[in-house]
Amino acid sequence: MRPDGSLDIESARKLADHLVGEGVDLIVLSGTTGESPTTHQPEKDELVTEVVAEVGDRAMVIAGAGSNDTAHGVRIAKGAAKCGAQGLLIVSPYYSRPSQEGIYQHITAIAASTELPVMVYDIPGRTGVRISDETFDRLAENPKIKAVKDAVGDLPNGIATSRRTGLEYYSGDDALNLPWLTIGGSGVVSVVGHIGGRRYRDMIDAVDAGDYAKAQQIDDEIHPLVNAIMGGGQGAVMAKEALAMTGVIPHATVRLPLVGASQNELDSLRRVLQVQGYLN
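Keep in mind the model is a prediction, meaning the values are calculated, not measured. (Residues numbered from 1 in each chain as written. Predicted model: local features only at pLDDT ≥ 70, side-chain atom pairs only at ≥ 80, totals over all residues. Heavy atoms only, no water.)

### Remarks on the UniProt feature "active site" (unreviewed entry) in the protein chain
Moving on, step 1. In the UniProt entry, the feature "active site" (unreviewed entry) is given for Tyr-121 and Lys-149. Maximum C-alpha separation among the annotated residues is 4.7 Å over a sequence range of 29 residues, consistent with a single clustered spot.
Moving on, step 2. Mapped onto the secondary structure, Tyr-121 falls in strand E4 (residues 118–122).
Moving on, step 3. If sequence neighbours within four positions are ignored, Tyr-121 has contacts with Leu-89, Ile-90, Val-91, Ser-92, Ile-131, Lys-149 and Ala-151.
Moving on, step 4. Within the secondary structure, Lys-149 sits in strand E5 (residues 145–150). (UniProt positions renumbered as here; feature names shortened; annotations may be inferred. Helix = DSSP H or I, 4+ residues; strand = E, 2+ residues; numbered from the N terminus. Contact = heavy atoms within 4.5 Å.)

If you want it as structure tokens, here you go:
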């Protein structure tokens, strides 16, 4: 966002290019970190169009189609598909706390609105309801639904569901990225990766090569950054503050109800970035 709160497409393109250069192979647009609750349909569509144009075939671009209004989610999904997105991220309906049947119908209705593959996002700490094993079993029967972003924190159940259903599971909690990767997770969808993308790329490559000692070392090294961004302040706010401090984006502006980090949070973040070598 620019200081006046308007969408800064130039910086979004610059950030996308930077992330790909750091080893990121998939970019999620209009997720919670991308302030999806306070960006509107024309902005979401423009963002998809411009980022797809920026990254080309260097990374897959998927778009959040999250809403607690199913019809609204369908409109977002259709717009994303029209603008070039290559997949959708669909979160279970938040605040409404529907039944499992309602969750199933919501996700499948949005999935049916385009031909794009779908990653389902399960984050009960924000939505107020967890997607049940039975619902995942039903969702897995839909050929468009390919993957899950898991922010539940229940690794044994998640990997059991993945093995039972064949759905690809991605860590949606940066503190659990390494455990997920070592028990069969397919990758990570990261907030901290906005700053630590190269380290996470190296961690994934180490796990793929069977070098778990190296992966553990990287996880230990990045842990203070995870704490600085996710441990105290609001993740989207702190990620933007870190990107601004490191010069990747010019401003850390957020839209209400989010507000900028406190001075104590900024001071703590700056110290960690300095120690970690992200600041000169």
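### Here we look at the packing of helix H1 (residues 9–21) against helix H2 (residues 41–55)
Moving on, step 1. At a minimum axis separation of 9 Å, H1 and H2 run at an interaxial angle of 40 degrees. Taken together, the axes of H1 and H2 are oblique relative to one another. You can see that H1 and H2 cross each other, and the crossing is right-handed. For the pair formed by H1 and H2, the contact residues are Ile-9, Ala-12, Arg-13, Ala-16, Asp-17 and Val-20 on the first element and Glu-46, Leu-47, Glu-50, Val-51, Ala-53, Glu-54 and Val-55 on the second.
Moving on, step 2. Grouping the amino acids of the contact of H1 with H2 by side-chain chemistry returns eight nonpolar, no polar and five charged. (Axes fitted to C-alpha atoms, helices over the stretch in contact; angles between N-to-C directions. Parallel < 35°, antiparallel > 145°, perpendicular 65-115°, else oblique. Left-handed = near helix turned anticlockwise from the far one by under 90°. Nonpolar A, V, L, I, M, F, W, Y, C, P; charged D, E, K, R; others polar.)

### Regarding the pattern of salt bridges
Moving on, step 1. For the coordinates displayed, the defined rule picks out 11 salt bridges.
Moving on, step 2. A salt bridge links Asp-17 to Arg-58, with the shortest nitrogen-to-oxygen separation between them at 3.1 Å. Of this pair, Asp-17 sits in helix H1 while Arg-58 sits in the loop between H2 and strand E2 (60–64); the two residues are 41 residues apart in sequence, bridging distant segments of the chain.
Moving on, step 3. Judged by relative accessible area, Arg-58 falls into the partly exposed class, the value being 39%. (Salt bridge = Lys/Arg side-chain N within 4 Å of Asp/Glu carboxyl O. Buried < 20%, exposed > 50% of the residue type's maximum accessible area, 1.4 Å probe, protein only.)

### As for H1
Moving on, step 1. With 13 residues, H1 ought to run about 18 Å at 1.5 Å a step, and its terminal C-alpha atoms sit 18 Å apart, in line with that.
Moving on, step 2. Along H1, the residues that are buried comprise Ile-9, Ser-11, Ala-12, Leu-15, Ala-16, Leu-19 and Val-20.
Moving on, step 3. Residues of H1 that are buried in the fold lie against strand E1 (26–29), H2, helix H9 (193–208) and helix H11 (235–245).
Moving on, step 4. A side-chain oxygen of the first residue of H1 lies 3.4 Å from the backbone nitrogen of Glu-10; this N-cap is Asp-8.
Moving on, step 5. Within two residues after H1, Gly-23 carries a phi angle of roughly 105 degrees, on the positive side. (Expected span 1.5 Å × (residues − 1). Polar contact = N/O pair within 3.5 Å; in protein donor to acceptor, adjacent residues only side chain to side chain.)

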